Amino acid sequence: MNAVVATSVFAVFMVAAVVLGLLALRGRGKGGGLAEWSVGGRSLGPVFIWVLMAGEGYTSFSYLGAAGWGYNYGAPVLYVVAYMSCGYAIGYVVGPMLWRYARRHGLVGITDMVAHRFGRPWLGAVVAVLATVFLLPYIQLQITGMGVVLSVISYGAVSLNWAYFVAFAVTTGFVVVSGLRGSAWVSVLKDVLVIATLGFLAFYVPLHYFDGYGPFLDRLVTEKSDWLTLPGHGGDGSGSGGSGLGELWFISTTFLNSLTVVIFPTTVAGYLGARNADALRRNAMYLPAYNVLLFVPMLLGLAALFVVPGLAGAESNLALFKLVVDSLPAWAVGVIGVAAGLSSIVPMAVFMLVIGTMWGRSVLSLVPRLAERQKSAAQVVVVVAGGLALLLTYTAPNTLVRLSLISYEGMAQLLPMVLLALVWRRLTFRGAFSGLIVGVAVVCVLVFSGNDPVGGVNAGLVALAANLAVALAVTFAGPRDVDPRPDAEVLADDPVGDEDEPLAPTRAARGASDHRV
């Protein structure tokens, strides 16, 4: 009976999510072109932008991984709160700059921006392929996360294989049709449930299991003090043994991730969907307050140390749900499962959407027959990307899991090409491309050889340093790029006081002149 009740609650909300996503198209005809589908017609207001970008911080990791990290290590998991808050501060400046650059030139993503900045359409295709490799593991991880959630809240009645398929089907059901706008609408439902469920659990678990925060924290300090300092439980912080999650790792990871998150393709999709730059600035000020909720699964992971001790390996990621299933009625388990499930679906939808947009705009558009059908090509790629991640989840789950080790650190290697190039014209194509090759090679070697962190420092930051060194050396030592376009055509700037600039015509209308040096 518990399984029936919890699963029924979950199913009702999943249907509601699909319907809500499809309703986002109401009054918009056939949904418009690629810009309407991929960046919401650049018309989303502050509320939709807020909930959409908040979805970046609340994925299945919030319910599973954050609690699991808290359970296994303790304090090191706070890097998530640190880098996201710092990233929002950087985004206060970077977001409006990218928004205006894209609006001025009719661009819809980072691959478009790179191709336009360096005047080479094929470079956008290269970046699209590289970014897809780094994003696919996130789709697989969200499919896996939702599968685990559904299997647990159904008390084992729903198998993992069926749960994985549900995650793929629900997400594809609305994102192919309604695009970024549909994801934003579903984010509203998700955020209401996330705030409600985590707010409830923050009070319920300490009261139910420990008679309040006082006894809980007292016991934590007395019995589990290792979990409250860096490098956390089971590590010496040196990078040569134990967890390696010491102060250097914390600082370097926070610094690297806070820079990377502002050019992450899914973050940029949120930027470009905004109605104006002011919405992005307000968003950057309000979003750090939302991060307070991330403390809840971390604390609950610590609470699980006393309630369900002995969890090991992947089972530690279920620390939060072990508490939920153990003590709450089935309908409440179902509601919390919905919040966790939607926290998988919304970011997964944006990941799939971004991959589709990159390929439709920067790869398949290079084929003459597909140049005028970018939206339909992108929608096909969405299904293919999601289907590939689902297939690999079934047949070779470790393939994408291994790739996920370099996802964020690999994406960081795009920083010079995407961000530095938009503010410094002297950076040449040869320099940026050489740096990218070196950075990706270094991060792959370090991570896959087990040398992450390097002496306590995040391997991605070491690779980025090598990337920048090569980019600068090649730029200053090599020939200068000859580009007749003025600075206003090539570089990005802050749109303060000039935010009503009309949209540029689409790339199809402009022709390929933008991309010739």
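Just so you know, these numbers come straight off a predicted model, no measurement behind them. (Residues numbered from 1 in each chain as written. Predicted model: local features only at pLDDT ≥ 70, side-chain atom pairs only at ≥ 80, totals over all residues. Heavy atoms only, no water.)

Draft legend 1. Molecular detail of the overall build of the protein. Of regular secondary structure, the protein possesses 24 helices and zero strands. When the 517 residues of the protein are sorted by exposure, 58% land in the buried category. Within the protein, contacts between residues separated by at least 24 positions form 84% of all contacts whose residues are at least 6 apart in sequence. Accessible surface computed for the protein: about 19,100 Å², of which carbon and sulfur atoms make up 68%. (Helix = DSSP H or I, 4+ residues; strand = E, 2+ residues; numbered from the N terminus. Buried < 20%, exposed > 50% of the residue type's maximum accessible area, 1.4 Å probe, protein only. Contact = heavy atoms within 4.5 Å. Areas by Shrake-Rupley, 256 points an atom, 1.4 Å probe, with all protein chains shown as cover.)

Draft legend 2. Representation of the packing of aromatic side chains in the model. Summed over all chains, the structure comprises 21 aromatic pairs. Their ring planes at 35 degrees and their centres at 5.3 Å tell us that Tyr138 and Phe351 sit as a pair that is tilted. Remark: Phe351 occurs in helix α16 (residues 330-363) and Tyr138 occurs in helix α8 (residues 121-153); sequence separation between them is 213 residues. Tyr138 sits in the buried class, given a relative accessible area of 18%. (Phe/Tyr/Trp six-rings, centres within 6.5 Å; stacked < 30°, edge-to-face > 60°.)

Draft legend 3. Broad picture of the environment of Ala421. Here Ala421 lies in helix α20 (residues 415-423). With relative accessibility at 0%, the residue Ala421 sits in the buried group. In sequence terms Ala421 and Val490 are 69 residues apart; their C-alpha atoms lie 9.0 Å from each other. Setting aside anything within four residues of it in sequence, one finds Ala421 in contact with Arg117, Phe118, Pro416, Leu427 and Leu491.

Draft legend 4. Fine view of a nonpolar patch on the surface. On the surface, a cluster of nonpolar side chains totalling about 470 Å² of accessible area is made up of Met1, Val4, Val5 and Trp331. Classification of Met1 as exposed rests on a relative accessible area of 76%. (Patch = residues over 30% accessible without salt bridge, like charges linked within 9 Å, V, L, I, M, F, W, Y side chains within 5 Å. Salt bridge = Lys/Arg side-chain N within 4 Å of Asp/Glu carboxyl O.)

Draft legend 5. Fine view of the confidence of the model for the protein. In this model, the protein carries an average pLDDT of 85, and 90% of its residues clear a pLDDT of 70 or more. The element-level mean pLDDT for the protein is lowest in helix α24 (residues 507-510), coming to 41, with helix α22 (residues 459-477) highest at 97. Segment residues 236-241 is flagged for pLDDT under 50; beyond a separation of four residues in sequence, or across chains, it makes 13 contacts in the model. Note on residues 506-517: pLDDT under 50 across the span, and 29 contacts to partners over four residues away in sequence or across chains. (pLDDT = per-residue confidence, 0-100.)

Draft legend 6. The side chain of Ser316, seen in detail. The residue Ser316 is located in the loop between α14 (295-307) and α15 (319-327) in this model. Separated by 2.8 Å, the side chains of Ser316 and Asn72 make a polar contact. Leaving out residues up to four positions away in the same chain, Ser316 has contacts with Gly68, Tyr71, Asn72 and Leu311. (Polar contact = N/O pair within 3.5 Å; in protein donor to acceptor, adjacent residues only side chain to side chain.)

Draft legend 7. Expanded view of the nonpolar core. Counting residues in hydrophobic clusters, the biggest one holds 160 residues, and the most contacted among them are Met113, Ile139, Phe321, Leu342 and Leu414. Element by element, the count of residues in this core is highest for helix α9 (residues 160-210), at 20 residues. Beyond its immediate stretch of four places on either side in the chain, Phe321 contacts Tyr63, Leu64, Val149, Val152, Ile153, Ile336, Gly337 and Ala340. (Core = buried A, V, L, I, M, F, W, Y, C linked by side-chain atoms within 4.5 Å.)

Draft legend 8. Seen up close, α22. Taking 1.5 Å of rise per residue, the 19 residues of α22 would be expected to cover 27 Å, and the 27 Å separating its terminal C-alpha atoms lies within 8% of that figure. Ala459, Gly460, Ala463, Leu464, Asn467, Ala471 and Thr475 are the residues of α22 that are buried. Down the axis of α22, the buried set is contained in an arc of 130 degrees. They therefore lie on one face. Projecting away from the buried face of α22 at angles above 90 degrees are the exposed residues Phe476 and Ala477. Considering only its buried residues, α22 is in contact with α11 (247-260), α19 (407-411), α20 and α21 (429-448). Where α22 begins, the side chain of Asn458 points an oxygen toward the backbone nitrogen of Gly460, at a separation of 2.7 Å. (Expected span 1.5 Å × (residues − 1). Arc of directions from axis to C-beta.)

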